[in-house]
Amino acid sequence: MRVMAQVAMVMNLDKCIGCHTCSVTCKQTWTNRTGVEYAWFNNVETKPGVGYPRRYEDQEHWKGGWMLDKRGRLVLRSGGRVKRLLSLFSNPDLPSIEDYYEPVTYDYDNLVSAPAQKDMPVARPRSVLTGRPTAITWGANWEDGLGGAPEHAGADPNLTGAWADKVKFEFEQTFLFHLPRLCEHCLNPACVSACPSGAMYKRVEDGIVLVDQDRCRGWRMCVTACPYKKVYVNHATGKAEKCTFCFPRIEAGQPTVCSETCVGRLRYLGLLLYDADKVGEAAATANERDLLEAQRGVFLDPSDPGVIAAARESGIPEDWLEAARRSPVYDLVMRYKVALPLHPEYRTLPMVWYVPPLSPVLDSVDAAGGNQDDPDHVFAAVTRLRIPLEYLAELFTAGDTDVVAGVLMKLTALRSYMRERTLGEAGDEKVLKAVGLTAGEGQDLHRLLAVAKYADRYVVPAAHKEDAAALTAMENRCPVETSGEAEPRKVMLGIPTLRRHTTAGGRP
Amino acid sequence: MNATALSSPTATPASGTDLLLWVAFPYICLAVFVVGHVWRYRQDQFGWTTHTSQLLEHRWLRWGSPLFHLGAFMVIAGHVVGLAVPASWTEAGGISEHTYHTTAVWAGSVAGVAMVTGLGMLCARRLLTRRIRLGTDRSDKVLFPLLSATVLLGISATAAHNVLGAGYDYRETISVWFRGIFTLQPRPEAITGAPLLFQLHALTACLLFAGWPFTRLVHVWSVPIGYLARPYLVYRRRATPAPAPTAGGRPRSTSGSRRAA
Ligand code: HEM
Ligand code: SF4
Ligand code: SF4
């Protein structure tokens, strides 16, 4: 057993209101620079929808993630080592900027500098890449709230089964939810494995996956290999960039910016201990639908004395073990098993998990003329209304509807039990028992999902100063400074300074 | 710099201009090439990249880049054989002058055409695609003209003299000069009689080498063959307690990769 710790995230999707605050604060922190205007380390998509970049979930096309070859060995879908080196000169499976969108800015200056005239001056959109006026025809959340969905959402790669035909025509009336996405900081990161120069790595101490900006040579293979398309090419520096899980904040014991600013307070951060020796085996699990359990099998119980001893041996400090025992992520993923990974079938063992939304089912109950507040109606909907269930299963369980149904049942039971209690009744424990929860557990889970305070949602132990990258750097200077004249191009946190001052060259 | 080299006896004394062009200039370029690389590698790891532009334009690149690169590899191989290996060696190896010449013309033509077409496509997209043009930095503005000039001069010299013309035996002249540079026994007189196109080709090539370390061409030295052997999963520890960053660098992280999958 080789124990490693990872700071992992869970999001409770029922609470996401799709406000994009997380994306905006993330962008302002990390990607408001030339070269990554089009990149969103955190983005929020409407589901059903084609996603960002367009149809990224279609791995037949984009070749992201891992798969099993004929002999059952784990291989990168984009090809083995030799094929990768042969396709260096031109990567056949790289999304182009059109698959993301053409980033724009506006002629704000025109609003104040336009001469007096009859018409109101307007701020016209201008492409950041060409500096020319442009029409905005796509964006990172173009179908927000299902806007334009009848035209586009049918192209959602999750809508493939026979059941899906019906969804295509009906879903605008039946359900929608928001899916905030960031790098999954996978246990078996395909991006790392595909990087020809070995510039990408997973940190032993906290599992954060990073690109070494000094070692990246711009072979742009990681972009293809990541099935979630969460590595981006900075076209100004010619290097790959990705979500850093705000490691300078994590090292200081603070939540990531997206978590900190989340309006719905639906994000949880906490430690998961895992056995690094079991990662390869779990990722190579034969049946896609067993991947969820296989991944859970990699995680270790932080209260188990055997695990604690092994963790100490691996050099995990005591306060981290203590934090692992208080981890809300462990509770949601392992204790209550209400959180599920996004697309486990990509076999990267992602580490940002989701509590699936009950709202699509509730919407369906309404649409079918039932009563949302009657648990029987909801239970019936979970078992009988296939559409939202099949869809959620495509996202979270490699198509296994039983697992999703199980989680939704738990949420429904919890909802009805707590509703009764809030209304002053005793609460029917039978409902809870049917989904395997005691009254105490039910109340505990409810507290965690509904009322958890800041300190309960984010249990992030600070890095030990002796080995914190950011902390050592910060002693000497501001961590996000871009270099002054005196010391050219010294960047402390792997954030490239600009090599080019402006892309919108032709701006007036 | 090369006192020994300059003073080495030559059969027909070369003029001052010849010495400057065919001895001093190549050596200066070579020195810049070597020192430039060392300097850039130590100072600018962050700028050491292919500077990929595939994100912004992929249709021309799809064909242009592989064509150009494959052509370039063949052309480089051809130059190694043609310039570095003396004719006597190939003949000793049982390859007659005739066989050598036909192979060289054929393989060279294929390589040359591939490289010129590829480079043409790469230049075209750089000029015609506005996004790429705006992303073209100063080093590219030196690199692309210089590379194109070298390639075009090289191919027109070959075409004019060896394909269409009577045939010019560069192995007894230019190659001798070329090897002289590296054996530190410069033979400027060996190239002074060469046709103008060949001379210009040699001079632009020298310039290209001088410019090399300051352009994206440094990516050539980073061919990731190590990828064939390294473990798939790379783990690293966070930066170890680093000494305060000095002017030359930043805190290095101890890196080490371990097998996990
Ligand atoms: C040694 C193996 C080499 C590899 C693996 C390699 C790989 C690459 C890659 C990945 C690009 C970026 C293409 C893109 O996405 O925009 C590139 C660009 C380029 N390479 Fe190479 N290269 C190699 C050797 C060479 C050589 C020998 C030369 C010429 C002497 C060369 C000249 C160029 C040029 C001029 C570009 C810029 C293309 C453009 O953006 O228009 N490369 N190379
Ligand atoms: S989600 Fe993150 S860690 Fe996983 S493959 Fe993509 S970039 Fe790598
Ligand atoms: S800030 Fe929170 S609620 Fe708003 S979109 Fe992001 S995840 Fe959803």
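Residues numbered from 1 in each chain as written. Chains lettered and ligands numbered in written order. Predicted model: local features only at pLDDT ≥ 70, side-chain atom pairs only at ≥ 80, totals over all residues. Heavy atoms only, no water.

Draft legend 1. Focus on the coordination of the iron atom of ligand 1. All names here are of chain B. Protein-derived coordination of the iron atom of ligand 1 comes from H69 (NE2) and H219 (NE2), at a distance range of 1.9 to 2.0 Å. Between the six donor atoms coordinating the iron atom of ligand 1, the angles at the centre fall across 85 to 179°, so the site counts as octahedral. Of this pair, H69 sits in helix α3 (residues 59-84) while H219 sits in the loop between α10 (196-211) and β1 (235-236), and the two are 150 residues apart along the sequence. Exposure remark for H219: the relative accessible area of 14% places this residue in the buried category. (Donors = N, O, S within 2.8 Å, 3.2 Å for Na, K, Ca; no water. Tetrahedral: all angles 85-135°; square planar, octahedral: opposite > 155°, others 65-115°. Helix = DSSP H or I, 4+ residues; strand = E, 2+ residues; numbered from the N terminus. Buried < 20%, exposed > 50% of the residue type's maximum accessible area, 1.4 Å probe, protein only.)

Draft legend 2. Just the pairing of strand β8 (residues 200-203) of chain A, in detail. All names here are of chain A. Here β8 shows a buried face lined by M200 and K202 and a second buried face lined by Y201 and R203. In terms of strand pairing, β8 meets strand β9 (residues 209-211) through three bridges, oriented antiparallel. In the strand pairing of β9, Y201 is matched with L210. Hairpin connection, β8 to β9: the antiparallel pair is bridged by five residues, and G207 has positive phi, about 75°. (Pairing = 2+ DSSP bridges.)

Draft legend 3. Broad picture of the pairing of strand β12 (residues 267-275) of chain A. All names here are of chain A. For β12, the tally of buried residues reaches nine of nine residues, placing the bulk of the element in the interior. As judged from the nine bridges shared by strand β1 (residues 3-12) and β12, these two strands associate in the antiparallel manner. Residue pairing across strands places A8 opposite G270, the latter belonging to β12. In the sheet, β12 pairs with strand β13 (residues 299-300) via two bridges, with the strands oriented antiparallel. If you follow L273 over to β13, its bridge partner there is L300.

Draft legend 4. Region of interest: the packing of aromatic side chains. Residues and elements named next belong to chain A. What the rule picks out here adds up to 27 aromatic pairs over all chains. On the numbers, 5.3 Å between centres and 65° between planes, the contact of Y228 with Y346 is edge-to-face. Here Y228, found in the loop between α9 (222-225) and β10 (231-234), pairs with Y346, found in the loop between β14 (340-341) and β15 (352-355); they are 118 residues apart in sequence, far enough to count as distant. The same class applies to Y228 as to Y346, namely buried. A ring pair is formed by F299 and W353, whose centres lie 5.9 Å apart and whose planes are at 55°; its orientation type is tilted. Taken together, the positions of F299 in strand β13 and W353 in strand β15 put the pair 54 residues apart, joining distant regions of the chain. Overall, F299 belongs to the buried group, its relative accessible area being 5%. With a relative accessible area of 2%, W353 lands in the buried category. An aromatic cluster of three or more residues is present, and its members are Y38, F41, Y52, Y100, Y101 and Y232. (Phe/Tyr/Trp six-rings, centres within 6.5 Å; stacked < 30°, edge-to-face > 60°.)

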